[in-house]
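# Understanding the architecture of this molecule
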Amino acid sequence: MSSNQLISDLKKVYGIDTALADSLSVGLFYADINGKCLYVNSKWIEISGLEFNEALGNGWLNGIHSDDREEVISEWNKSIRNDQKFASEYRFQRDDKNIIWVLCQANKYKDKNGEVSGYVGTITDITERKNSETSLYLLAKGFSVTNSSEFFHSFSMHLSEVLDVDYVVVSEIVDDSCDLVKSVVVNYRGEILDPIEYSLKGTPCETVMGKSIKGYECNIQKKFPEFALLKVLGVEGYVGTPLFNSSNKPIGIIAVLNSKPIKNIKSIENVLQIYAVRASAELERKQKEQLLHDLNKELEFKQFTVDRISECIFWTDINAKINDVNEAACQSLGYTREELLMLSIPDIDPQVSFEGWKKHWKKTKAHKGLKIFESIHKTKEGHIFPIEINVNHIEFGGYEYHCSIVRNISERKASDKERETNLSLQKAIFEATADGIMVTNKDQYIATYNQNFVKIWGLLDKDIKGKNDDYVIQLVTNQLKDSDAFVNRIIDIYKKPQEDTFDILELNDGRILERVSRPQYLDGEIVGRVWNFSDITEKHRLSEQLSYQANHDPLTGLVNRREFEKRLVRVLSSRDEKSEHAMCYMDLDNFKQINDVCGHIAGDYLLKQIADLFQQNTRARDTLARLGGDEFGLIMEHCSVERAKKIAANFISLINDSNFKWEDRSFDIGVSIGIVKIDNSSNGMLDTMKNADVACYAAKKSGRNCIHVSNA
């Protein structure tokens, strides 16, 4: 059925207004009661990248990212079973390699009689939100530090990895004219460079500072020829975003620079704007702390905290009395300034008592500098949240005070909890794997291991916990068939710490282990090695069994034609002027009558007897094979033609002297044998086989049960 006919039918049956559907800004789809797609609008096609006909039936599933498809099917079926609304976020993998995140929602659809006839739903492109969420997640998870210098070092490292650029520069304004800036951090691929100070005039930063984000994909040196630093750094692409404080005043800039053109400039701009929010707050905090330090020296600290600081500031005395606060502290706790000045620290911090405060006061005073610790605050409404306190003991106007800068760290604590959950999940996965895993640090001490490792080697936790790798090696070497090779291999691996390795270990108890080891990296530096041990005994046994079956005749147990030809090629390739070999091609005489009279079971029985008879009278170094039917081949290495004729004559005698019986009948059979000489003048495998076959045919033609030597 054509798509036009289908749309016409859908409009009649379901009342779908396709013109209206195509005007919608969201993707619209209809599905029947079994979930098979009946219709999608043009926006759905635009988002998914599928054509209309490709989406119909179960075709819509083909557009879903392979990692999400199974979960989407499961959620869809679950919503049908439980009579629930379907809602899910998943990805479309488009043919143009773009990945599109969508929010999909669907409900039951009733016809004009009120009967459920299918489902109607929408998809909304949420790719930009998802990318922003990812950046925010990485930003929140990536670092949590208390020192501004440490923050910007970690921040630049993190941003450099996320954006994969050569340089990340965070600069702040150092004069009131906003013409001169100084770098807070200069990061070159993980290396922190010396600070730089430069004028904004004639630089790409001038087009960004105090304005909006700006990107230059390439040719940045040509666009700003007066800014020599661009040539010194060897950069081609540039993206910069301004930094503002909480009062929307320009305070700095983040610039990323790359030695190659920046192709994904829009994506970098989006990520950079997200990071700029965090950097602005930290740069503002850095500047405020610097101001706080300077004004403290000039005995103007109190006025500054009251009028300027946007973070929570508390002035407290030796009795834990709150002497002054700023507006941020009032907003954080839900009190007015007058209400807070009537309270003491134990009123807002349930973990602090008056006795504990006196001890805290003495320790902070003795510390003579900034002290950082964590506690909790309780709002006027009773809500409790975690805080980080930066406290300094100061003397001002003849009085002693504690000046505390307080931050709400609820978000950081949530991130820490998430990190702990992730570590717990990783540990569960670590223990759930069937392989034995051991991790050593760079000093070759055991950092961790799972229980399958001790189980595979028959060890106890007390045997290896906290021990050196050499100690564990001593415990397991007596289990190995070749312990010296095992030890020497480990020594060689540790000499080449950057290499991945793969080995097969054979144990005395018959087990076979596969050992894989890889270096463990942290920030580009090798910090240890991961050892993985898999028991492949059964896999190895099956492999050998399959190899044997591929190369042997299942009836007689002799090598088959394929293996025979391989060995013949080997003999031919190794011949020289001094070597002489021979090959026999043997065809049983009168064998057909056995199959005709007694059936194939009798014939098979006879073939096995003859194969055993030939095998018992074949030299150990020679190759006897069943070539097919009642034909056999024999490669005799380092054997003259005369010697081969004697061996062939012996086979004829053995056959003639044997009495082959089946049930109450006896059979007289013979064998015709063709012999071909293999020396330095012989041709390839195919010619050798052909010449031997021709010689065998000549033997049959000569009266059967005789030998013919090829002249070829």
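Structure report, in brief. Please read these numbers as outputs of a predicted model, since none were measured by experiment. (Residues numbered from 1 in each chain as written. Predicted model: local features only at pLDDT ≥ 70, side-chain atom pairs only at ≥ 80, totals over all residues. Heavy atoms only, no water.)

### Re the environment of Phe486
This is how it is decided: Strands here are runs of E lasting at least two residues and helices are runs of H or I lasting at least four, both read from the DSSP assignment and numbered beginning at the N terminus. Contacts: residue pairs with any heavy atoms within 4.5 Å of one another.
Within the secondary structure, Phe486 is located in helix 20 (residues 483-495). When neighbours within four sequence positions are excluded, Phe486 is seen to be in contact with Ile473, Val476, Thr477, Leu480, Leu505 and Arg515.

### As for the sheet that holds strand 28 (residues 670-678)
Let me state the cut-off plainly: Strands qualify as paired when DSSP identifies two bridges or more between them. Under this scheme, a helix contributes an axis fitted over its contacting stretch, all axes are lines through C-alpha atoms, and angles between N-to-C directions fall in the 0 to 180 degree range.
Reading across from one edge, 24-25-23-28-29 is the order of the five strands in this open sheet, with mixed pairing throughout. Since the sheet does not close on itself, it has two edges, and those belong to strand 24 (623-628) and strand 29 (707-709), each with one partner. On average, each strand axis in the sheet is tilted by 20 degrees relative to the strand beside it, whichever way the strands run. Sheet topology note: the strand 28/strand 29 ladder contains three bridges and is parallel. Bridged to Gly674 within strand 29 is His708.

### Digging into the pairing of strand 16 (residues 384-396)
Direction of pairing for strand 15 (residues 371-378) relative to strand 16: antiparallel, over a ladder of eight bridges. Bridge pairing in strand 16 links Lys371 to Val391. Once strand 15 ends, the chain turns through five residues before running back antiparallel as strand 16, passing Gly382 with a positive phi of about 95 degrees. One ladder, built from ten bridges, connects strand 16 with strand 17 (residues 399-408); its direction is antiparallel. Residue pairing for strand 17: Glu388 is matched across the bridge by Arg407. Between strand 16 and strand 17, which follow one another and run antiparallel, lie two residues, and Gly397 among them has a positive phi close to 60 degrees.

### Observations concerning the pattern of salt bridges
As a reminder, the rule being used: Salt bridges, as used here, are contacts in which a Lys or Arg side-chain nitrogen is within 4 Å of a carboxyl oxygen on Asp or Glu. Think of it in three bands: with a 1.4 Å probe and only protein chains considered, a residue is buried below 20% of the maximum accessible area for its type, exposed above 50%, and partly exposed in between.
Counted according to the given criterion, the structure contains 34 salt bridges. Lys413 is paired through a salt bridge with Glu374; the nearest N and O atoms lie 2.7 Å apart. With Lys413 in helix 16 (residues 410-432) and Glu374 in strand 15, this pair connects stretches of sequence that are 39 residues apart. You can call Lys413 partly exposed: its relative accessible area is 33%. With a shortest N-O distance of 2.7 Å, Arg619 and Asp622 are connected by a salt bridge.

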